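Reading the structure
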Amino acid sequence: MTTYTICVFTENTFGLLNKITVIFTRRRINIESLTVSETERQGVSRYTITIKHDKREEVEKLVRQIRKVVEVLAVFGYLDDEIVYNEIALFKVATPIGGKPIDIETINKIYKAWVVYWGLDYVVIEKAGNENEILDFFRYIKSYGILEFVKSGRVAVGKTPAGLVEYLPEEVHWEYYV
Amino acid sequence: MTMVAAQDAAALEEVQTPAQTEAPRILSGAQALMESLIAEGTEVIFGYPGGAIMPTYDALFDYTDRLDHILVRHEQGAGHAAQGYARTSGKPGVCLVTSGPGGTNLVTPIADAIIDCTPLVCIIGQVKSTLLGTDAFQETDIIGVTTPVCKWNYQITNADDVPAIIAKAFYIAKSGKPGPVVIDFTRDAQVSPMTKPYEYKKVETLASYKPRVIPKDEHLERAAQLINNAQRPYVLFGQGVLISGAEEELKAFAEKTDIPCASTLLGLSAMPIDHPNYVGWLGMHGNYGPNVLTTQADVVIAIGMRFDDRVTGDATKYIRQAKVIHIEIDPAEIDKIIKADAPVVGDAKETLKRLLPLVKQNNHAAWRNEFKKYDLIEEQKITQRELTPEGQIKMAEVVNMLSEKTKGEACVIADVGQHQMIAARYYKFKNPRSYIASGGLGTMGFAIPAAFGAKKGAPEREVVAFIGDGCFQMTIQELGTIAQSGLPVKLIILNNNYLGMVRQWQQLFFEKRYSFVELQNPDFVTIAKGFGIAGHTCSERENLGESLDRLLQSDKPYLLEVMVEKEENVFPMVPAGAAVADIRLD
């Protein structure tokens, strides 16, 4: 199974998430992760969807079906080596009095993770990276006692000098988001 | 669906009287809808009132001089009627129904229309926007329900949005690959006045949705090169030819290149049956030669068709030897089933127009004659037997005789099943838009409502529907609509007291285990009479001619029930999942 990252750019209208996801559901393609956010251009939303599939041509068909949704402005299907991508994870780790103290230096220098909140007997550590890097840190910090772990979906940009606006319909003047 | 909720009385009081000043008349959302429909050239609405759509029906009451409305007996009927109308007129069919069950009853026609590319604008009432999500009376999430089966949907909660959204709806429904759009119209948006003067601007382009009508030159050149070098080129055309109005362009292309042309079920009548380049129709119950010779073509030119599994049989074995040119307006259809060597994304008419000067004048008489050999076999093994006057009347005889009596000029509506295939096999179509049936979805009950819808879309044409006894009972209540509207459609029940196609499959593939396919039918003629529609039954062959004459001579709606052979099978037949080369003649 190969991981594909599908980036969908849409007009920011009501109920669009459902219109996109039913295309996956109907073809029994499981969504591994999904993030939606505003792009740098006003009124344009970006969906980053990761799936695993063993047939490239089926993914291409899926991409063309997504393009058919009226509000969709552009769709791209990427392999991992065609994008720069990341995820972010938060670990809530127990630090009870008398317990094993966490090693901030290792966390920072080896794992490039940061404590973002100090509670009375716990800390929240933020770790950004790809799936494997987050998993490595998970293995390291596990022995301290993970109270909660949450990971975002993937965010990704294509490895191309082109900007999003080059793929958007020309006749519209696409203002920056802020 | 006529129940009116208690809350409606209160809601009606919300209507605010617009200020009587010099300013332009301020319309309510419902009035804006009427004006918008008129601006789009709507002639007729097929609909059924109910609680949440009542303010719109109230507005309609003042527009009956400009908007015709046909009151159906069930919302499914409204949808199929609008499909029939769209298929004969080429214009979007408009439906108007209430929320909840009104909307859900319309889901089957919407699903039918998306798969058969029929432009519909479905306006569905909805509860007040403040009640959304509260399980209010007759509240259904119709946007959620219809999303997977419509081309586009939108919920209007503000009267000001009406003109722009209706303009967008019509544009989306009819452009590109046509399809159904759904407008979910909340009650408050219907009753409240617009906050600005009504103004209508037709939509001609959208930023996010741009169907490619004009094909790319390089695609045309690649296609022309393949066509010019082909020894046994073969055109497979579909409904795209009818939708884009490319009948003349197809003829010109076929005549210049001398390529044999076969139709899909929904492409039928795009080319006259007697055209020298026309070889028949494709698919599970299509003609023998057109199916088998797909294995001999070296270049296949697919025009406005989508390689449905009923056409390809086992797609992994379909036209493997051929180079494939796929002319199609929907890019998602390219490579979906059959890999295209030369895809041409564009409208069929515009593409054929531009392709014509690029292709060479040619002569493929020898290749075309190969089809005739197969025609002869089919004639001897199937057609002769089906048209031989012995035993009980056969469906084929009825269709054949009607075809002769109407000189191939009628608009034939078919329901779903054996009679649908027999109507396609034996009617000798002369004019375009003459075969209207539910192809992709196979919706039983399609024909009665589609027939009066088709008649509304083409009042000058003779509209004759072939309907099975099973199908007839799925939308039998629409006889009431026919009677009330007085639309002179001609209905022929081909009655074998069976769900014939299912029975045929049970015979051939389920060891004749006839599981729930025999029907105890009512007296159809008496039922029609109860609705105020004249009719009679024909059981004897010698009465068939006269029976059809009576049907055709009636200037009112008429029902003819023909008792046909009980256990007739439709052949040729490509068994489901088999390669087309494995087509069976008996």
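Here is what the cut-offs are and how they apply
- Residues numbered from 1 in each chain as written.
- Chains lettered and ligands numbered in written order.
- Predicted model: local features only at pLDDT ≥ 70, side-chain atom pairs only at ≥ 80, totals over all residues.
- Helix = DSSP H or I, 4+ residues; strand = E, 2+ residues; numbered from the N terminus.
- Buried ≥ 20, exposed ≤ 12 C-beta atoms within 10 Å, placed from the backbone.
- Contact = placed C-beta atoms within 7 Å.
- Core = buried A, V, L, I, M, F, W, Y, C linked by C-beta atoms within 7 Å.
- Nonpolar A, V, L, I, M, F, W, Y, C, P; charged D, E, K, R; others polar.
- Domains from an automatic or database assignment.
- Axes fitted to C-alpha atoms, helices over the stretch in contact; angles between N-to-C directions.
- Left-handed = near helix turned anticlockwise from the far one by under 90°.

1. Details of the overall build of chain A
For chain A, the helix and strand inventory stands at four helices and nine strands. In sequence order, chain A lays out its α and β elements as β-α-β-β-α-β-β-α-β-β-α-β-β. Referenced to the eigenvectors of the C-alpha coordinate spread, the extents of chain A come out at roughly 65 × 40 × 30 Å. Sorting the 178 residues of chain A into buried and exposed places 22% on the buried side. Nonlocal contacts in chain A, meaning residues at least 24 apart in sequence, comprise 76% of its contacts between residues at least 6 apart.

2. Examining helix α19 (residues 447-457) of chain B
The element α19(B) is largely enclosed, with a buried count of eleven among its eleven residues. Along α19(B), the positions that sit buried rather than exposed are B:Ala447, B:Ile448, B:Pro449, B:Ala450, B:Ala451, B:Phe452, B:Gly453, B:Ala454, B:Lys455, B:Lys456 and B:Gly457.

3. Quick word on unusual backbone geometry
All names here are of chain B. In this model, Phe571 is joined to Pro572 through a cis peptide bond whose omega is 0°. Structurally, the position occupied by Pro572 is in the segment after β18 (558-563). You will see that Gln138, though not glycine, has its phi angle at about 55°, which is positive. Locating Gln138 in the fold gives a position in the loop between β4 (120-126) and α7 (142-146).

4. Some remarks on the nonpolar core
B:Ile183, B:Ile325, B:Ile413 and B:Ile492 are the most contacted members of the largest nonpolar core, which has 206 residues in total. In terms of residue count, the dominant contributor to this core is helix α8 (residues 162-174) of chain B (eight residues). When residues no more than four places from it in sequence are discounted, the contact partners of B:Ile183 are B:Val121, B:Cys122, B:Ile123, B:Ile124, B:Tyr154, B:Ile156, B:Ile165 and B:Ala169. Judged by nonpolar contacts, the second largest core, of nine residues, contains A:Ala89, A:Ile107, A:Ala113 and A:Ile134.

5. Regarding the interface of chain A and chain B
At the junction of the two partners, chain A supplies 17 residues and chain B supplies twelve residues. At the level of elements, α1 (16-26), α2 (56-67) and β4 (72-79) of chain A are the ones that each hand at least two residues to the side of chain A that touches chain B. Looking at the side of chain A that touches chain B residue by residue, the class counts come to six nonpolar, three polar and eight charged.

6. A word on the domain arrangement of chain B
Residues and elements named next belong to chain B. Each assigned domain of chain B is listed here: domain 1 (7-191), domain 2 (217-370) and domain 3 (392-564). Using only C-alpha atoms to locate each centre, domain 2 and domain 3 end up separated by 31 Å. Taken together, the twelve residues of domain 2 in the interface contact 13 residues of domain 3. Residues of the side of domain 2 that touches domain 3, tallied by class, amount to eight nonpolar, two polar and two charged.

7. Some words on the packing of helix α12 (residues 247-257) of chain B against helix α15 (residues 348-355) of chain B
Residue and element names in this part refer to chain B. The geometry of α12 relative to α15 is characterised by a closest axis approach of 9 Å and an angle of 30° between their N-to-C directions. Judged by the sense of rotation from one axis to the other, the crossing of α12 with α15 is left-handed. Counted together, Glu249, Leu250 and Phe253 of α12 and Lys349, Leu352, Lys353 and Leu355 of α15 form the full contact between these two elements. Across the contact of α12 with α15, the residue classes tally to four nonpolar, no polar and three charged.

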